[in-house]
Amino acid sequence: MMANTDKNSYTVIFATVMVIVVGSLLAFTAASLKPNIKENERMEKQQNILYAMGINENEEGSINFISEDKVAEVFSTGVTEQIVLEYKDGAIVKEMSRDEFMKANSIEPYLIDVKKQQTRAKEGKSRFLPLFKGMQDNKIVYVAPIRGVGLWDAIWGYVALDKDMVVRGAYFDHKGETPGLGANIKQRYFMDDFYGEKLLTDAGVFKGITVAKGNNDPTNEIKDDYEVDALTGATITGDGVSAMIKKDLKLYLPYFQNLKNKS
């Protein structure tokens, strides 16, 4: 005998079964893809850190990361040290090596979620600041991750600094900025402008870098004006870049002051 499909009970049972089946399929798919997503995240972060450090496969005017099949090996040799600073109330309360941090937290320092650490700080808790040490032109550079907000959503980046907090490379990215406008923060001509810019005054006061619409140095030849030229039609995204540089990189100031005192 055929089921009476006109009954409300049939509709409810059919809908319930479909929800269970579709939900199970989605859960299975998500579980199956999770390892690939994690692996892609790992490679992307390694590529971004290396890019900021100047280790990439760029050609003139292009952006080319270290390829996925080589990035793990290059990262293990290019990043000579991973440091984690525990920061609270304007001071670094603890400095950890990669091994010390992993022993307590079971993750690589480069996989630290900056957004979660910012949330911890807002809650009045200590936060972890990762720092990646490497070489560029026979000089030590330190790469720090930063994160902020653009016009539509999150923006983030990695900035390489020398011991005097002079920028030696940068990589920026975004989640949903406007194509051709704010999205251009990840264009090479914009990122290259930051090279050589100073974060500190001669007196050692942290000033940061402003993405300035009224910048009088459009070719970016002046490196002690604490400004780079703004992107056309992307004032709010540019303000977000300025803010995250000033807010996040300032947290590392005590570490670099200590480096200076040791030298």
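Our structure is the block above this text.
Report follows, based on the coordinates. (Residues numbered from 1 in each chain as written. Predicted model: local features only at pLDDT ≥ 70, side-chain atom pairs only at ≥ 80, totals over all residues. Heavy atoms only, no water.)

Here's the deal with the packing of aromatic side chains
Alright, step 1. Taken as a whole and assessed by the stated rule, the structure comprises 11 aromatic pairs.
Alright, step 2. Between the aromatic rings of phenylalanine 65 and tyrosine 171, the centroid separation amounts to 5.4 Å while the plane-to-plane angle is 75°, which identifies the pairing as edge-to-face. Residue phenylalanine 65 is found in the loop between helix H1 (8-53) and helix H2 (71-78), and its partner tyrosine 171 is found in strand E6 (residues 167-174); the two are separated by 106 residues along the sequence.
Alright, step 3. Residue phenylalanine 65 is classed as partly exposed on the basis of its relative accessible area, which comes to 26%.
Alright, step 4. Ring centres 5.9 Å apart and planes at 50° place the aromatic pair phenylalanine 172 and phenylalanine 190 in the tilted group. On the criterion of sequence distance, the pair formed by phenylalanine 172 in strand E6 and phenylalanine 190 in helix H5 (residues 188-192) is long-range, its members being 18 residues apart. (Phe/Tyr/Trp six-rings, centres within 6.5 Å; stacked < 30°, edge-to-face > 60°. Helix = DSSP H or I, 4+ residues; strand = E, 2+ residues; numbered from the N terminus. Buried < 20%, exposed > 50% of the residue type's maximum accessible area, 1.4 Å probe, protein only.)

Brief notes about the sheet that holds strand E3 (residues 127-136)
Alright, step 1. In spatial order, the strands read E2-E1-E3-E4-E5-E6; together these six strands make up an open sheet with antiparallel pairing. Only two strands of the sheet have a single neighbouring strand rather than two, namely strand E2 (91-97) and E6. When strand polarity is set aside, the average angle formed by the axes of neighbouring strands in this sheet is 25°.
Alright, step 2. Those strands touched by helix H6 (residues 235-249) are strand E4 (139-149), strand E5 (154-161) and E6, and its axis lies near 125° from that of E4. (Pairing = 2+ DSSP bridges. Axes fitted to C-alpha atoms, helices over the stretch in contact; angles between N-to-C directions. Contact = heavy atoms within 4.5 Å.)

Section: the pairing of E6
Alright, step 1. Of all eight residues in E6, seven are buried, a share of seventy percent or more.
Alright, step 2. Direction of pairing for E5 relative to E6: antiparallel, over a ladder of seven bridges. Within E6, the position partnered with valine 159 by the bridge is alanine 170.
Alright, step 3. Hairpin connection between E5 and E6: a loop of five residues separates the two successive antiparallel strands, and methionine 165 in this loop has a positive phi of roughly 60°.

Things to note about the environment of leucine 251
Alright, step 1. Assignment of secondary structure puts leucine 251 in the loop between H6 and helix H7 (253-262).
Alright, step 2. The spacing of leucine 251 and leucine 85 is 166 residues in sequence and 9.8 Å in space, taken between C-alpha atoms.
Alright, step 3. Not counting chain neighbours up to four residues away, the residues in contact with leucine 251 comprise Tyr87, Arg127 and Leu129.

Topic: the pairing of strand E1 (residues 79-88)
If a strand is regular, its side chains alternate between the two faces of the sheet.
Alright, step 1. Burial analysis of E1 places seven of its 10 residues in the buried class, which makes it a mostly covered element.
Alright, step 2. Sheet topology places E1 next to E2; six bridges connect them, and they run antiparallel. Looking across to E2, one finds that isoleucine 83 is bridged to serine 97.

Looking at the nonpolar core
Alright, step 1. By size, the foremost hydrophobic cluster in this structure holds 38 residues, and its most contacted members are Phe172, Phe194, Val241, Ile245 and Leu249.
Alright, step 2. Listed by contribution, the elements that provide at least two residues to this core are E1, E3, E4, E5, E6, H5, H6 and H7.
Alright, step 3. Among residues more than four places away in sequence, those in contact with phenylalanine 194 are Val167, Ala170, Phe172, Ile209, Val211, Asn220, Val228, Val241 and Ile245.
Alright, step 4. Counting residues in each nonpolar core, the second largest holds 15 residues, with Val71, Val143, Tyr158 and Ala160 among its members. (Core = buried A, V, L, I, M, F, W, Y, C linked by side-chain atoms within 4.5 Å.)

Comments concerning the pattern of salt bridges
Alright, step 1. Considering all chains together, one arrives at 15 salt bridges under this definition.
Alright, step 2. In this structure, arginine 98 and glutamate 108 form a salt bridge, with 2.7 Å as the shortest nitrogen-oxygen distance. Pair noted here: arginine 98 is in helix H3 (residues 98-105) and glutamate 108 is in the loop between H3 and helix H4 (114-122), with a separation of 10 residues, a long-range link.
Alright, step 3. Taking relative accessible area as the criterion, glutamate 108 reaches 17% and is therefore assigned buried.
Alright, step 4. Linked by salt bridges that have partners in common, Arg98, Asp99 and Glu108 make up one network. (Salt bridge = Lys/Arg side-chain N within 4 Å of Asp/Glu carboxyl O.)

Focus on the side chain of arginine 127
Alright, step 1. Considering the arrangement of structural elements, one finds arginine 127 in strand E3.
Alright, step 2. Buried charge without a partner: arginine 127 forms no salt bridge, and the closest opposite charge is aspartate 248, 4.5 Å away.
Alright, step 3. Contacts of arginine 127, omitting those with residues within four sequence positions, involve Leu85, Glu86, Tyr87, Val114, Gln117, Gln118, Arg120, Ala121 and Leu251. (Lys, Arg positive; Asp, Glu negative; His and termini not counted.)

Some details on the environment of aspartate 164
Alright, step 1. Tracing the chain through its elements places aspartate 164 in the loop between E5 and E6.
Alright, step 2. With relative accessibility at 34%, the residue aspartate 164 sits in the partly exposed group.
Alright, step 3. Put simply, aspartate 164 and phenylalanine 256 are 92 residues apart on the chain and 7.2 Å apart in space, counted from C-alpha to C-alpha.

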